[in-house]
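Given next are the chains, with one letter for each unit.
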Amino acid sequence: MDKTKELLRGDNLVVQFRQTQGFRRTLICPVNEISLAVAANEILGIVGESGSGKTTLGRALAGMTSIVRGSLWLKGQNVSRLSRKELRKYWSQVQMIFQDVYNSLNPIYTVEQQLSFPIQRHATPTQSVREELENLLQITGLTPTAAVRARLPHELSGGQRQRVAIVRALAARPDLLIADEPVSMLDVSLRADILQLLARLRNDLGLAIVYITHDLPSAVYIADRILVMYGGCLVETIRADALIRESRHPYTERLLAAARFENPGSSPFSGGGSANSSVLLTSYRGCPYAPRCPIAAQICSTTRPSLIRMGRDHSAACHALSGSHQAQSG
Amino acid sequence: MAEMTASPLDAKDDGPRRAPNPSRFGWLRVLKKNRKAQAGFIIFMGFILVAVLAPEIARYSPSNTNFPPLQPPSAQHWFGTTGLGQDVYSQFIWGTRSSLIVGFGATLISTLLAVAIGMYPAYWGGWLDRVMATFTNIFLVIPGLPLMIVAAAYVHHSNTLTMMVIIGLTGWAGRARVLRSQTLSLARREFVWAARLTGASDWRVLVHEILPNMLSLFMASLLYGILGAILAEAGLEFLGLGNLSGISWGSLLYWANNGGAVLDGAWWWLLPGGLGIAVFGTSLALMNFGLDEVTNPRLRQTSLASKDRLSRAWRALKGESPQ
Amino acid sequence: MTENNSAILRIGHVSVVYETEAGLAPAVNDVSLELEPGRILGLVGESGCGKSTLAQAIMGLLPPNASLVEGQITVQGRDLYTMSEPAMRAFRWKNVSMVFQSALVTLNPVIPVGKQFEEIFTVHQPAMSRAEVRRRIEELLVLVRIHPQHLRNFSHELSGGMRQRVAIAMAIALDPALIIMDEPTTALDAVVQQEILDEIRRIQEIKRFAVVFISHDLRLVSYISSEIAVMYAGKIVEYGPAQRFLSEARHHPYTQGLLDSIPHLEGERFTIHSVPGSPPDLVHLVSGCAFHPRCAAAHEACLAAAPQLKGVVDSGQIACFDIERKQKEEAHG
Ligand SMILES: Nc1ncnc2c1ncn2[C@@H]1O[C@H](COP(=O)(O)OP(=O)(O)OP(=O)(O)O)[C@@H](O)[C@H]1O
Ligand SMILES: Nc1ncnc2c1ncn2[C@@H]1O[C@H](COP(=O)(O)OP(=O)(O)OP(=O)(O)O)[C@@H](O)[C@H]1O
Ligand code: SF4
Ligand SMILES: [Mg+2]
Ligand SMILES: [Mg+2]
């Protein structure tokens with residue numbers, strides 16, 4: 001990636017949480033040595049299983065969760081550990097759309113009340129707050145705007161809330177938008193509109209977007225590059241337009257198969273409990289995908305594979321792709 | 001408080017917890033809508049009025065002992081007289097005033113403490129919150145009444161102010177815990193983060209996002225606080241640990257009891273103090289019930305009137321529109 | 001939808017209106033549906049078309065500014081709206097349960113998840129021993145692929161998808177006869193989603209409970225359901241067996257739009273199309289068919305009156321004048 005255009009970079013980011021297990025205290029690591037970079041004007045997709053640490057990574061990038069190890073850089077400045085005051089400055093450039101829309105709107109304020117503060121704070125002097133609000137509601141399909149403006153959050157449907165949350169983040173005019181499942185409750189048609197809107201904003205305003213989702217097709221659709229996470233680790237990173245053809249990691253393959261709804265109900269998808277949580281433990285040493293991987297070998301459950309470069313903008317972490325385990329034909 | 005103790009099942013039965021009309025002044029609407037709350041409020045205001053107007057409506061000085069003792073109620077002495085020849089009515093009026101002053105003053109102190117120790121650190125989180133939470137919990141396990149008795153006995157000659165302080169200092173912990181857990185659960189909600197991210201200062205977040213969301217709880221806690229303080233004051237006075245030169249509902253009871261009102265059958269001497277506490281307490285409880293009914297959807301009766309009205313409106317609408 | 005005595009859920013000409021500042025908003029408008037035990041009814045439609053409202057109406061949990069102004073809903077032959085409050089509360093969760101769109105409703109933020117789970121059993125099945133409850137909970141968690149260690153977590157310590165899965169597990173905990181799932185898998189990746197849907201279907205076939213599965217994702221719904229109802233602006237515009245929606249059958253123009261907008265693989269990329277136009281305004285509903293402003297096939301008839309659900313070939317029902325006309329033309333040769 002072009003270094004000069006680099007907006008945000010994270011080096012070996014680690015986030016940990018304490019977890020009680022019986023009487024033992026353990027540490028889980030939903031973000032495990034993840035390095036990434038987002039260029040200005042770029043859309044980076046982060047996809048992965050439920051519970052794989054996408055939200056935690058997003059919150060860490062937004063400065064909401066402290067980073068245990070590693071460093072985070074915004075426009076060349078180290079932003080790994082910020083004071084409360086510095087954070088406020090950071091947030092004037094970085095915004096987040098939250099996954100849980102039922103939690104992310106203040107229940108006692110109308111849509112207009114929720115939105116005028118960010119608009120007011122960040123509006124250009126030429127626009128009136130009302131016009132800007134009207135405009136934002138229009139482009140997100142929150143029509144009729146007059147009625148929507150006066151609604152309290154509990155009077156909105158799930159998808160309508162989601163769009164209000166999107167408007168709020170956009171109103172703050174960020175350079176980087178971290179969007180955590182911003183369209184999960186929208187029907188495909190509206191989803192396409194909103195995704196196109198985000199893509200348009202990227203082009204018009206030079207907005208960079210980290211698009212977090214479990215929905216591979218929409219990530220492939222909108223993103224330039226895609227990061228695939230599993231069990232807190234980065235397992236593959238690849239250009240979106242190459243993903244379908246060139247992705248190599250077994251988990252990405254499986255995700256792709258599920259996204260195509262290939263052989264619904266057939267064997268690859270049934271059985272197998274969630275090993276998910278135990279692979280997040282800091283004490284776990286193997287490949288996070290090993291417990292469920294159809295081609296896992298001995299080495300997979302004992303040694304963590306490191307990212308191997310597969311090509312331009314493409315790396316994957318899998319023993320089967322390096323020489324370390326005889327890749328089985330499977 | 002209903003929100004704190006609600007079991008998950010209650011939550012499910014509430015259905016969407018979005019159902020309670022969430023509005024900043026939801027608790028105010030209680031007065032407009034709820035009969036119980038209205039009744040409670042009227043009684044409450046009556047007492048306030050009595051307290052404020054005490055000098056005007058008391059017919060004699062409460063300490064005047066020049067009347068014939070132990071007179072039953074009469075035209076001169078509406079509530080009769082005490083064993084020492086004081087006018088019970090005047091004592092009751094003045095007692096209302098000082099009981100309420102102590103009650104409100106103590107509540108003010110405990111509220112300030114509860115906010116400072118429970119709410120504020122909960123918002124900031126981190127070690128401060130942990131320390132304060134531990135402190136609160138330690139305080140909670142110390143039984144309140146004995147602590148108060150010890151404190152009051154230690155002070156010896158309490159006056160109104162020391163009474164307030166003693167009651168206030170012993171009464172904050174439970175309220176701090178309630179406010180803390182509510183603040184914690186709100187501060188974790190993502191709209192609080194969203195406000196911060198869009199540029200709101202901590203102050204704005206606390207005052208504009210969090211506090212308005214817990215006003216109902218805050219009001220409930222306030223009502224309980226006043227009730228607790230009034231009861232504590234009466235308790236201390238009754239045990240003779242209060243301000244014995246002063247006149248309050250508690251001291252009225254104390255003197256009646258010690259003066260042998262029961263033995264002499266002087267019910268009029270005994271009754272007003274107890275009734276004052278009971279009725280005032282009831283008014284607080286009524287307001288609290290009302291608050292609960294409006295904010296807790298489980299207790300809300302569905303309004304049939306509005307259902308009929310909506311059905312009619314709907315039929316009218318359908319009649320007009322080309323269906 | 002023919003009269004049927006074995007139906008577990010019967011919705012007859014139900015309308016639900018919201019009272020808003022702008023006026024009455026009929027979020028559910030003359031909807032009739034029936035569901036038999038052991039079947040899964042998929043309910044799809046645009047954001048804001050009234051899916052959740054219908055679900056809440058079935059549960060008897062409408063918000064205070066909404067009212068069921070018309071029609072009747074019975075679950076197992078019983079009308080929730082005539083029950084006393086305690087009877088209703090006992091009926092709910094045990095006979096009919098719901099996975100709410102918002103996990104906030106199901107999960108209390110200040111109580112650990114496990115404790116809330118246990119409470120379901122202590123309240124509704126007090127006879128069960130602690131060990132039994134424990135075993136049952138772990139069994140349920142395996143179904144939704146969650147490790148029992150998370151029982152100690154508070155809901156905000158779970159990921160979005162984990163919260164949804166816990167909510168699903170809670171809803172099936174008491175083996176109710178009817179479960180309403182309102183967008184239960186919006187936060188789940190395709191792999192886990194399929195696994196869970198398969199699990200739901202597997203136990204559903206054993207326990208024979210009925211499911212109303214609400215989603216905005218037609219593809220997902222056609223994967224899991226036996227029947228599908230498509231909703232637009234509070235009305236059912238198409239109803240039929242799920243196979244209909246996987247085949248090249250004739251569809252309501254809105255359904256067709258939804259089908260076309262399913263992301264599909266095109267060479268190297270997924271492409272997504274959208275249904276043009278803006279979502280309907282429920283308060284000021286247009287006259288005639290609510291979809292006509294966005295419909296390419298609309299003609300005068302569509303502006304004048306609202307089309308009714310009519311049977312079409314292969315047991316589907318569609319409310320569309322254009323389809324009616326085409327069918328007539330075909331019938332005449
Ligand atoms: N505050 C927290 N305390 C403890 N554990 C946490 C906390 N937040 C997240 N976790 C754990 O971290 C793991 C990853 O969670 P995260 O929310 O990042 O997942 P996700 O990839 O966003 O999943 P989903 O797609 O389901 O939203 C989960 O196992 C979760 O239980
Ligand atoms: N309490 C309320 N007061 C007024 N209008 C409401 C209320 N709740 C919902 N609405 C409106 O009713 C319509 C239907 O809402 P509902 O929640 O049923 O939609 P939905 O189909 O579930 O949508 P989504 O897929 O986005 O969740 C929406 O337009 C919404 O704005
Ligand atoms: S490293 Fe092993 S377990 Fe992990 S994905 Fe590759 S083959 Fe599978
Ligand atoms: Mg998440
Ligand atoms: Mg909904």
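The shown structure was predicted, so the numbers you read here are calculated from the model rather than taken from an experiment.

Calculation rules
Residues numbered from 1 in each chain as written. Chains lettered and ligands numbered in written order. Predicted model: local features only at pLDDT ≥ 70, side-chain atom pairs only at ≥ 80, totals over all residues. Heavy atoms only, no water. Pairing = 2+ DSSP bridges. Helix = DSSP H or I, 4+ residues; strand = E, 2+ residues; numbered from the N terminus. Near = heavy atom within 4 Å. Nonpolar A, V, L, I, M, F, W, Y, C, P; charged D, E, K, R; others polar. Polar contact = N/O pair within 3.5 Å; in protein donor to acceptor, adjacent residues only side chain to side chain. Areas by Shrake-Rupley, 256 points an atom, 1.4 Å probe, with all protein chains shown as cover. pLDDT = per-residue confidence, 0-100. Contact = heavy atoms within 4.5 Å. Donors = N, O, S within 2.8 Å, 3.2 Å for Na, K, Ca; no water. Buried < 20%, exposed > 50% of the residue type's maximum accessible area, 1.4 Å probe, protein only. Patch = residues over 30% accessible without salt bridge, like charges linked within 9 Å, V, L, I, M, F, W, Y side chains within 5 Å. Salt bridge = Lys/Arg side-chain N within 4 Å of Asp/Glu carboxyl O.

A. Focus on the pairing of strand β11 (residues 308–311) of chain A. Residues and elements named next belong to chain A. Where β11 meets strand β12 (residues 314–316), 3 bridges bridge the pair, whose relative direction is antiparallel. The partner of I308 across the bridge, within β12, is A316. The antiparallel pairing of β11 with β12 creates a hairpin that spans 2 residues between the two strands, and D313 there sits at a positive phi of about 55°.

B. Local environment of the site of ligand 3. The environment of ligand 3 is made up of 13 residues, and the closest members are C287, C293, C300, C318 and H319 of chain A. A per-class count over the shell around ligand 3 returns 11 nonpolar, 2 polar and no charged.

C. The arrangement of the site of ligand 1 in detail. Taken together, 21 residues sit near ligand 1, with G51, K54, T55 and T56 of chain A together with G161 of chain C positioned nearest. Neighbouring residues of ligand 1 are not confined to one chain but are distributed across chains A and C. Between K54 of chain A and ligand 1, the recorded distance is 2.7 Å, taken from a backbone N or O atom to an oxygen atom. Burial of ligand 1 by the protein chains amounts to 92% of its free accessible area of 640 Å². Of all the secondary-structure elements, those providing two or more residues to the shell around ligand 1 are β2 (24–39) and α1 (54–61) of chain A together with α6 (160–172) of chain C. Grouping the amino acids of the shell around ligand 1 by side-chain chemistry returns 7 nonpolar, 11 polar and 3 charged.

D. Structural detail: the confidence of the model for chain B. Residue and element names in this part refer to chain B. Predicted confidence across chain B gives a mean pLDDT of 79, with 86% of residues reaching 70 or more. Within the model, the stretch residues 297–305 combines pLDDT values under 50 with 13 contacts to residues more than four positions away or in other chains. Across the assembled chains, the prediction reports ipTM 0.88 with pTM 0.83.

E. Geometry of the coordination of the magnesium ion (ligand 5). Residues and elements named next belong to chain C. Donor atoms from the polypeptide that coordinate the magnesium ion (ligand 5) comprise S52 (OG) and Q101 (OE1), at 1.9 to 2.2 Å from the metal. Of this pair, S52 sits in helix α1 (residues 51–59) while Q101 is found in the loop between β6 (96–99) and α3 (103–106), placing the two residues 49 residues apart along the sequence. For Q101, a relative accessible area of 9% puts it in the buried group.

F. Expanded view of unusual backbone geometry. Backbone geometry at E33 of chain A places phi at a positive 50°, although glycine is not the residue there. Its place among the elements puts E33 of chain A in strand β2.

G. Just the coordination of the magnesium ion (ligand 4), in detail. Residues and elements named next belong to chain A. At the metal site, the magnesium ion (ligand 4) is ligated by T55 (OG1) and Q99 (OE1), and these contacts range over 1.8 to 2.2 Å. Pair noted here: T55 is in helix α1 and Q99 is in the loop between β6 (94–97) and α3 (111–122), with a separation of 44 residues, a long-range link. Residue T55 is classed as partly exposed on the basis of its relative accessible area, which comes to 22%. Take Q99: its relative accessible area is 15%, and that puts it in the buried class.

H. Seen up close, a nonpolar patch on the surface. Residue and element names in this part refer to chain B. Residues L49, V52, L53 and I57 make up a contiguous nonpolar surface patch of about 330 Å² in total accessible area. Summarising the element assignment, L53 is placed in the loop between α4 (35–52) and α5 (54–57). Overall, the relative accessible area of 36% leaves L53 in the partly exposed class.

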